Each structure stands twice: as structure tokens, then as C-alpha cells.
Amino acid sequence: PGASASAAPGAAAAGASAAPGAVNKVSANTASQEEIFAALSKAGVTNPSRWTQEVIEYRPYPANDPNLGKLRQNLAKYNPGQDTVDKIVSALTP
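Conventions and cut-offs
- Residues numbered from 1 in each chain as written.
- Predicted model: local features only at pLDDT ≥ 70, side-chain atom pairs only at ≥ 80, totals over all residues.
- Heavy atoms only, no water.
- Buried < 20%, exposed > 50% of the residue type's maximum accessible area, 1.4 Å probe, protein only.
- Helix = DSSP H or I, 4+ residues; strand = E, 2+ residues; numbered from the N terminus.
- Arc of directions from axis to C-beta.
- Contact = heavy atoms within 4.5 Å.
- Core = buried A, V, L, I, M, F, W, Y, C linked by side-chain atoms within 4.5 Å.
- Phe/Tyr/Trp six-rings, centres within 6.5 Å; stacked < 30°, edge-to-face > 60°.
- Lys NZ or Arg CZ within 6 Å of the ring centre and 35° of its normal.

Draft legend 1. Structural context of helix 4 (residues 69–76). For helix 4, every residue scored as buried is listed here: Leu71, Asn74 and Leu75. Buried residues of helix 4, seen end-on, are gathered within an arc of 100° and therefore sit on one face of the element. Elements in contact with the buried residues of helix 4: helix 3 (48–57), helix 5 (82–90) and strand 2 (92–93).

Structure (C-alpha cells):
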């Protein structure tokens with residue numbers, strides 16, 4: 001019981017920190033530069049100003065692609081690392 005009790009707060013904390021990012025998603029297609037920058041910053045993306053520019057550069061994104069495959073492909077060109085790509089996509093919706 002002690003081990004699961006200590007694991008639960010960590011899991012809850014991780015869930016709590018992830019939830020605001022999920023709730024505050026902005027549109028990769030229509031959000032302003034400031035809105036995307038704020039969303040990426042909240043998601044913990046390193047160098048959010050650079051990635052904001054890339055998100056805007058590759059617009060538009062297909063509305064029927066909630067995983068933002070097109071954005072993921074374009075970001076991969078810069079070798080940002082899977083963690084960075086996941087954080088960027090976690091803050092966005094098509």
C-alpha cells in the first residue's frame with residue numbers, strides 16, 4: 001500500500017500538469033502568433049518562439065487530422081526530439 005500511495009501523488013501531479021495543456025489547446029490553423037507562443041510556453045516547449053514560427057509557416061493543417069501528422073512531419077526536419085514534438089502537438093488542435 002505504501003508504494004502505491006507514494007506513486008499516486010506523482011501520477012496525480014503529472015495528470016494535473018498535463019490537464020491545463022489539454023484544456024488550453026489552440027488552433028494550429030487560426031490562432032495568433034501570441035496564442036500559439038503562450039500555448040507552447042505553457043506546455044513546457046523549449047524555445048517556443050522558434051517553434052511558433054514553424055507552426056505558422058506550415059499552415060494550413062487538415063481539420064480531420066487531430067494528431068497533426070503534417071506538423072509532426074515538418075517539425076521532424078529540424079530534429080527537435082520526440083519530447084519536443086509531443087509537447088508542441090499537445091498544445092495544438094487543427
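The rest of the description comes next.
Draft legend 2. Seen up close, the nonpolar core. The biggest cluster of nonpolar side chains holds 20 residues, and the ones touching the most others in it are Val55, Leu71, Ile88 and Leu92. Only helix 2 (33–42), helix 3, helix 4 and helix 5 provide two or more residues apiece to this core. In contact with Leu71, other than residues within four places in its own chain, are Val55, Tyr61, Ile88, Val89 and Leu92.

Draft legend 3. Spatial organisation of the packing of aromatic side chains. Counting across every chain of the model gives one aromatic pair. Between the aromatic rings of Trp51 and Tyr78, the centroid separation amounts to 6.2 Å while the plane-to-plane angle is 70°, which identifies the pairing as edge-to-face. With Trp51 in helix 3 and Tyr78 in the loop between helix 4 and helix 5, the pair connects residues that are 27 residues apart, well separated along the chain. With a relative accessible area of 5%, Trp51 lands in the buried category. Classification of Tyr78 as partly exposed rests on a relative accessible area of 28%. For the cation-ring pair, Arg50 lies above Trp51, with the distance from its terminal atom to the ring centre recorded as 4.4 Å. Between Lys70 and the ring centre of Tyr61, over which it is positioned, the NZ or CZ distance is 5.5 Å.

Draft legend 4. Representation of helix 2 in the model. Every buried residue of helix 2 is listed here: Ile36, Ala39 and Leu40. For helix 2, the buried positions fall inside an angular range of 95° around the axis, keeping them on one side. Facing away from the buried side of helix 2, by more than 90 degrees, are the exposed residues Glu34 and Lys42. In this structure, the buried side of helix 2 is in contact with strand 1 (26–27), helix 3, helix 5 and strand 2. Looking one or two places after helix 2, you find Gly44, whose phi comes out positive at around 85°.

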